[in-house]
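Structural overview for review
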Amino acid sequence: MRRFLLALLFLLLPAFAQAQVTQRDWALQLIDSLGWSFGLPEKPTNADYVQMLSGSRVYRIEAEETYQRADRVAVMKFDTFGPFSGEGWLNGTKDRTQAHLKFNLPHTGRYRVSARVRLPEHHLIFGERDFMMSGGDQFTDIIVGDVDLQAGPQQAILQLQPNGSIDYFELVADPFVPIEPEGGWRFDEELTAEVAARTTIQALNLQGSLPPGRQVIKFEAENLPQPAGSRIYQDRNKGEVSGSRYVQVGAAPVKLDFYSASISDGVVDVALRAASTRPVNVKLSGVLDTWQKFGPRFEDRHLGTFFIKEGEMIVEVQLPAGAAIDHLVMRSRRGSRADILRLVGLADTETISARDLNNLSALIYRLKDLR
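Description of the structure in this document. What you are looking at is a predicted structure, and each value in this text was computed from that prediction instead of being measured. (Residues numbered from 1 in each chain as written. Predicted model: local features only at pLDDT ≥ 70, side-chain atom pairs only at ≥ 80, totals over all residues. Heavy atoms only, no water.)

Moving on, we come to the overall build of the chain. Scanning the chain for helices and strands turns up seven helices and 20 strands. For the chain, the proportion of its 371 residues judged to be buried stands at 50%. Sequence-distant contacts in the chain: of pairs separated by 6 or more residues, those separated by 24 or more amount to 75%. Approximately 18,600 Å² of the chain is accessible, and the part contributed by carbon and sulfur atoms is 50%. Between the mean site of the 42 positive side-chain charges and the mean site of the 46 negative ones, the chain shows a separation of 4 Å. (Helix = DSSP H or I, 4+ residues; strand = E, 2+ residues; numbered from the N terminus. Buried < 20%, exposed > 50% of the residue type's maximum accessible area, 1.4 Å probe, protein only. Contact = heavy atoms within 4.5 Å. Areas by Shrake-Rupley, 256 points an atom, 1.4 Å probe, with all protein chains shown as cover. Lys, Arg positive; Asp, Glu negative; His and termini not counted. Charge placed at Lys NZ, Arg CZ, Asp CG, Glu CD.)

Right, here's the structure in full:
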């Protein structure tokens, strides 16, 4: 029914050419064209739309908010067993008890499940996947395992051992490129051609098709302040390196921050050259949070192309024990209004027609599986 109403809205747009199409209308159409509408709750709010398009796939399920009133559990709020999140936590009875945790999942994906529990041998069940969870006498943060989940209404069955407790469980999947206008969504404002073009490019991950810019910045890792637990080497044992040197991590993980005062043109390619037998985490606030696998010898890895805000930016690289890093490279792409309109075939005008919106929606629907 929701999909039918959305389609009807945009089919009727030509008949109401003078009516204002808002950013909210377009956000909902984007969600539907990408096939994500099943992940919306029955009565979605602006916050649901923002969550759906933000790129983040981190969902904390508070047990005290999602259990069913018929479940034989109690909500507790004291911190005798350690800190807790949310308004409280669930405690079982003197017997083994079962609770039904119901929630909505915006995005399909493979999720890493973690939880905060107390006492051993509880079970968290998603369909046919049955995970055992064991904590200590105090609340304990644990990794539960991985599970494939479809977007939409969910129910996890929680089985608590006598007097056992759970604070929450969390689902984490890899993020995707955020889909949002510059400065964020303003749902009540009229949709412009520029906002429609930018969000279409993000929805289809077409940033890498924008023309190359003139700015290339190479950050040599050995030129940064050297973190404790690392050394600078000058050899080719792990392959060719730029600048003749590289940073080698010792027995404990280290973090490097690559700082840039300004990247021109508003769009940037990010690439890293590193060597590691364990995954390397790279973060760029608001647009990138990825774990990358490298080999034992240096490899170049393109991490993506992103719309970025004006001003300073920091790329944070978390290196595991034994890893090595040569450099980080940022290359600008042209992301002016004219460039992004041209990429999706729109005229350089402020307003956008109903026909253009329908064409963009159809384009997203056809190409969504290639994003």
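Using the criterion set out here, one finds 18 salt bridges in the structure. Taking the shortest distance from any N to any O, the salt bridge between Arg-60 and Glu-170 comes out at 3.1 Å. Pair noted here: Arg-60 is in strand S1 (residues 58–62) and Glu-170 is in strand S10 (residues 165–172), with a separation of 110 residues, a long-range link. Taking relative accessible area as the criterion, Arg-60 reaches 39% and is therefore assigned partly exposed. Beyond isolated ion pairs, a larger network of salt bridges with shared partners links Glu-194, Arg-337, Asp-348 and Glu-350. (Salt bridge = Lys/Arg side-chain N within 4 Å of Asp/Glu carboxyl O.)

Moving on: the nonpolar core. In this structure, Trp-26, Trp-36, Ile-179, Leu-191 and Ile-352 are the most contacted members of the largest nonpolar core, which totals 35 residues. Ranked by residue count, the leading element in this core is helix H5 (residues 193–203), at six residues. Listed in part, the 32 residues of the second largest apolar core include Ile-263, Leu-303, Ala-323 and Leu-328. (Core = buried A, V, L, I, M, F, W, Y, C linked by side-chain atoms within 4.5 Å.)

This paragraph deals with the sheet that holds strand S9 (residues 152–160). Read across the sheet, four strands follow the order S4-S9-S6-S7 without closing on themselves; strand pairing throughout is antiparallel. Two strands close off the open sheet at either side, each with one partner strand: strand S4 (97–105) and strand S7 (129–133). Strand-to-strand twist across the sheet, computed as the mean angle between neighbouring axes with direction ignored, equals 20 degrees. Pairing geometry for S4 and S9, over nine bridges, is antiparallel. Bridge pairing in S9 links Lys-102 to Gln-155. (Pairing = 2+ DSSP bridges. Axes fitted to C-alpha atoms, helices over the stretch in contact; angles between N-to-C directions.)

Moving on: the pairing of S9. The buried fraction of S9 is high, at seven of nine residues. Here strand S6 (residues 122–126) runs beside S9; their pairing, made up of three bridges, is antiparallel. Residue pairing in the sheet places Leu-124 in a bridge with Leu-158 of S9.

Taken N-terminus to C-terminus, the directions of H5 and helix H7 (residues 354–367) make an angle of 10 degrees; their axes are 10 Å apart at the nearest point. With respect to their mutual orientation, H5 and H7 come out roughly parallel. Contacts between H5 and H7 involve Ala-196, Thr-200 and Ala-203 on the former and, on the latter, Leu-357, Leu-360, Leu-363 and Ile-364. (Parallel < 35°, antiparallel > 145°, perpendicular 65-115°, else oblique.)

With that settled, the discussion passes to H5. Extensive coverage of H5 is indicated by the burial of ten of its eleven residues. At the C-terminal side of H5, Asn-205 shows a positive phi close to 55 degrees.

To continue, consider the sheet that holds strand S19 (residues 313–319). The strands making up a sheet associate through backbone hydrogen bonding, with each pair oriented either parallel or antiparallel. Here four strands make up an open sheet; going across it, the order is S14-S19-S16-S17 and the pairing antiparallel. Of all strands in the sheet, those with a lone pairing partner are strand S14 (254–260) and strand S17 (288–292), marking the two edges. Neighbouring strand axes in the sheet, compared pairwise and without regard to direction, differ in orientation by 15 degrees on average. Across four bridges, strand S16 (residues 280–284) lies against S19 in antiparallel orientation. Paired with Val-282 across the bridge in S19 is Val-317.

Of note, Arg-116 is situated in strand S5 (residues 109–118). Only 3.4 Å separates the side chain of Arg-116 from the backbone oxygen of Pro-83, close enough to count as a polar contact. Residues within four places of Arg-116 in sequence aside, it is in contact with Pro-83, Phe-84, Ser-85, Phe-139, Thr-140, Asp-141, Ile-166, Asp-167 and Tyr-168. (Polar contact = N/O pair within 3.5 Å; in protein donor to acceptor, adjacent residues only side chain to side chain.)

Another aspect to go through is the environment of Ala-251. With respect to the helices, strands and loops of the structure, Ala-251 is situated in the loop between strand S13 (246–249) and S14. Sequence separation between Ala-251 and Ser-85 is 166 residues, and the spatial gap between their C-alpha atoms is 33 Å.

Now for the environment of Asn-359. The residue Asn-359 is located in helix H7 in this model. Along the backbone, Asn-359 and Ile-201 are 158 residues apart, and their C-alpha atoms lie at a distance of 13 Å.

The terminal C-alpha atoms of H7 lie 20 Å apart, and with 14 residues this matches the ideal 20 Å at 1.5 Å per residue to within 8%. Along H7, the residues classified as buried are Ala-354, Leu-357, Leu-360, Ser-361 and Ile-364. The buried residues of H7 occupy one face: seen down the axis, they fall within an arc of 125 degrees. In this structure, H7 carries Arg-355 and Arg-366 as exposed residues pointing more than 90 degrees from its buried face. (Expected span 1.5 Å × (residues − 1). Arc of directions from axis to C-beta.)

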